[in-house]
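Each chain, written out:
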Amino acid sequence: MKCPFCNSEETQVKDSRATHNNSMVRRRRHCNECKNKFSTVERIYFKELYVVKKSGIKKPFDHNKIRHSIQTATSKRNIPINELDKIVNDTVNQIESSNLKEISSKKIGEMLMQELLKLDLVSYVGFASVYKDFNPAEDFIKFIGAIK
Ligand SMILES: [Zn+2]
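Throughout what follows, the structure given in this document is the object of discussion. (Residues numbered from 1 in each chain as written. Predicted model: local features only at pLDDT ≥ 70, side-chain atom pairs only at ≥ 80, totals over all residues. Heavy atoms only, no water.)

Ranked by size, the top nonpolar core spans 22 residues in total, and within it F61, I66, I95 and I108 carry the most contacts. Listing elements by their share of this core, those giving two or more residues are α1 (63-74), α2 (81-96), α3 (105-119) and α4 (121-131). Not counting residues within four places of it along the chain, the set of residues in contact with I95 comprises L49, F61, I66, I103, I108 and M111. (Core = buried A, V, L, I, M, F, W, Y, C linked by side-chain atoms within 4.5 Å. Buried < 20%, exposed > 50% of the residue type's maximum accessible area, 1.4 Å probe, protein only. Helix = DSSP H or I, 4+ residues; strand = E, 2+ residues; numbered from the N terminus. Contact = heavy atoms within 4.5 Å.)

Relative to the 21 Å expected for 15 residues at 1.5 Å per residue, α3 spans 21 Å between its end C-alpha atoms, a close match to the ideal helical length. Residues I108, G109, M111, L112, M113, E115 and L116 constitute the buried set of α3. (Expected span 1.5 Å × (residues − 1).)

Here we take up the pattern of salt bridges. For the structure shown, the criterion picks out nine salt bridges. Between E102 and K58 there is a salt bridge; the shortest N-O distance is 2.8 Å. Linking E102 in strand β6 (residues 102-104) with K58 in strand β5 (residues 58-60), this pair joins segments that are 44 residues apart in sequence. The shortest N-O distance in the salt bridge between K86 and D90 comes to 2.8 Å. On the criterion of helical spacing, the pair formed by K86 and D90 is a turn pair, its members being four residues apart in helix α2. Among the residues examined, K86 registers a relative accessible area of 42% and is labelled partly exposed. (Salt bridge = Lys/Arg side-chain N within 4 Å of Asp/Glu carboxyl O.)

Take the sheet that holds strand β4 (residues 50-52) next. In spatial order, the strands read β5-β4-β6; together these three strands make up an open sheet with mixed pairing. Edge positions in the sheet fall to β5 and β6, since each of these pairs with one other strand and no more. Across the sheet, the axes of successive neighbouring strands diverge by a mean angle of 30°, strand direction being ignored. Here β4 runs beside β5; their pairing, made up of three bridges, is antiparallel. Bridge pairing in β5 places V51 opposite K59. Each of β4 and β6 touches α3; the most contacted strand, β6, lies at about 70° to it. (Pairing = 2+ DSSP bridges. Axes fitted to C-alpha atoms, helices over the stretch in contact; angles between N-to-C directions.)

Shown next, in the form of C-alpha cells:
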C-alpha cells in the first residue's frame, strides 16, 4: 500500500481491527519514509456495479468515494469515526445487496442524506447543499424550511 503523503511503498501495518460484525477490517498504517499515519479499510467485495452520473457517464462503484464524501461533509463536526464507518458500511451493503447492475449517483446521494439526517443535522445540510447544488439563497432557505 502506497503512502498517500509521499507515495513511498515502505508502509507498515501497526494495527488491524475488525468492525461491524467482522464484515470490515480497518488497518492503521505508518509510513517509514515521512512518518505519516493513515488508515485503510478492507471489506467484502460483492460484485461489479456501476454508478451512473448525472452526465450519463458510468463509473465502477467505489465505496471509497462514499467514504470521501461523508468525510468531507462531516469534517468540521467531530463525529466519531465509528459512526462514519457505520454510515458508509450500511449504505454500501444496502447498495451491493440490492442486486442492481447500476445505480444513479443521485440515488446514492439520497441514501447518504437519509443516513446523515439521523446522525447530524449540520452535516446533513452541508452535504445536501453540495449535493443538491443550491444556487440562489432562497432555494437553500426553502430547503431548510422543508426539513423542519
Ligand atoms: Zn510517506
